[in-house]
Amino acid sequence: MDVGHCYLDGNADVVEFCPHDSLHHVLAASTYTLQEGDRPSRSGSISLFNVDMGKVELFYRLKTAGIFDMKWSPVGGDATRPLLAQADAEGCLRVHHLEFPDDGDALKEVHNEKVSSSMCLCLDWNPSATSISVGLSDGSVSIISLHEAETSILQEWKAHDFEVWATSFDPDQPHLVYTGSDDCKFKGWDLRNGPSELAFQNSKGHQMGVCCIAKSPHNSHILYTGSYDEHLRIWDVRSISRPVNETSIGLGGGVWRIKNHLVVPGLILAACMHNGFAIVKVNGDEVKVVETYNKHTSLAYGADWYRGSICQDDKKEKTIVATCSFYDQLLRVWVPESDII
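Every value quoted in this text rests on a predicted model; they were computed, and no experiment measured them.

Visitor: Describe the sheet that holds strand β30 (residues 330–334), listing the residues and the values that go with them.
Guide: Strand order in the open sheet made by the four strands is β1-β30-β29-β26, with antiparallel pairing throughout. In the strand order of this sheet, the two ends are held by β1 (2–7) and β26 (300–305), each with one partner. With strand direction ignored, the average angle separating the axes of adjacent strands in the sheet is 15°. Alignment of β26 against strand β29 (residues 321–325), held across five bridges, turns out to be antiparallel. Its bridge partner being in β29, Trp-305 is matched across the sheet by Val-321.

Visitor: Describe the packing of aromatic side chains, and please don't skip the residues or the numbers.
Guide: The final tally for this structure, using the stated rule, is 14 aromatic pairs. Ring centres 6.1 Å apart and planes at 40° place the aromatic pair Tyr-178 and Phe-186 in the tilted group. With relative accessibility at 1%, the residue Tyr-178 sits in the buried group. Taken together, Tyr-32, Phe-68, Trp-165, Tyr-228, Trp-256, Tyr-301, Phe-326 and Tyr-327 form an aromatic cluster joined through their ring pairs.

Visitor: Give me the lowdown on the side chain of Ser-47, citing residues and values where you can.
Guide: Its place among the elements puts Ser-47 in strand β4 (residues 41–52). For Ser-47, the side chain forms a polar contact with the side chain of Arg-61, separated by 2.7 Å. Those residues in contact with Ser-47, other than ones at most four positions away along the chain, are Leu-8, Asp-9, Leu-27, Ala-28, Ala-29, Leu-58, Tyr-60 and Arg-61.

Each value, and the rule that gives it
- Residues numbered from 1 in each chain as written.
- Predicted model: local features only at pLDDT ≥ 70, side-chain atom pairs only at ≥ 80, totals over all residues.
- Heavy atoms only, no water.
- Pairing = 2+ DSSP bridges.
- Helix = DSSP H or I, 4+ residues; strand = E, 2+ residues; numbered from the N terminus.
- Axes fitted to C-alpha atoms, helices over the stretch in contact; angles between N-to-C directions.
- Phe/Tyr/Trp six-rings, centres within 6.5 Å; stacked < 30°, edge-to-face > 60°.
- Buried < 20%, exposed > 50% of the residue type's maximum accessible area, 1.4 Å probe, protein only.
- Polar contact = N/O pair within 3.5 Å; in protein donor to acceptor, adjacent residues only side chain to side chain.
- Contact = heavy atoms within 4.5 Å.

Listed below in structure tokens is the structure:
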């Protein structure tokens, strides 16, 4: 069931529901638009929406640099208010406070760190919201410390041969950062030694570039990766350097984004680039697609679960999903049809 849709002011690439209590209805969507010509420019925006079962209502828009990735600060972190971080084409990590939604300026910039002359392609918060890992277009990774109004680069190193499209802190072992790249390599780094030491490297599991990495919130041993080779892979982190404990499922399109459902174990939302969106259920060694969504007509890039649940007329609890597609600049909010929640 479709809840609503909205066309954005540029190519849509990321959607993120706010995870913080009393603000679950706030949805952020970002854009990246390349203006070609003699002097090319990369512009972007962040749009904030109120979402419920009856509406998708825009209430704020911020013009900024072209955004490749953005994420809300984790619940339980040290920040007193929700923070929204962006990795952008100007090589900057920008962090915004979410003010109360009825304020005139809903997002207030509190950090702006020029990380590199290369583009910032991806980011992830550590569990305490005190640092952010950033992947760069030159193959480097930076760890940025956030302390009150100050930011500083704690570590930076050459992690891959090509663009780093995925970086992720391990929430169960925050000293460990995972990275994935266009060089088809999936790596883990130990931050306790600076510069970071390589904890493991898998060079054979992915046939093409690694696009996304997500640890299971329900099982500290399970981790998921997505790749341009169209496969979602499930790994056991206890034997990750070799594909002994690895399961995969082909989703028919490059797996650009994966999001775990925070309540239902093994339920994954995937943005599959050329093949729309898929909801995948993992149950032990059984992995299957339980629903697909193909109402977008362009590259499927952004996807996220609403953090709570909603009750429909039949009193059954359902969840809401937000998705976005690139060239048609479209944001859609919908309710899965399958009985999975």
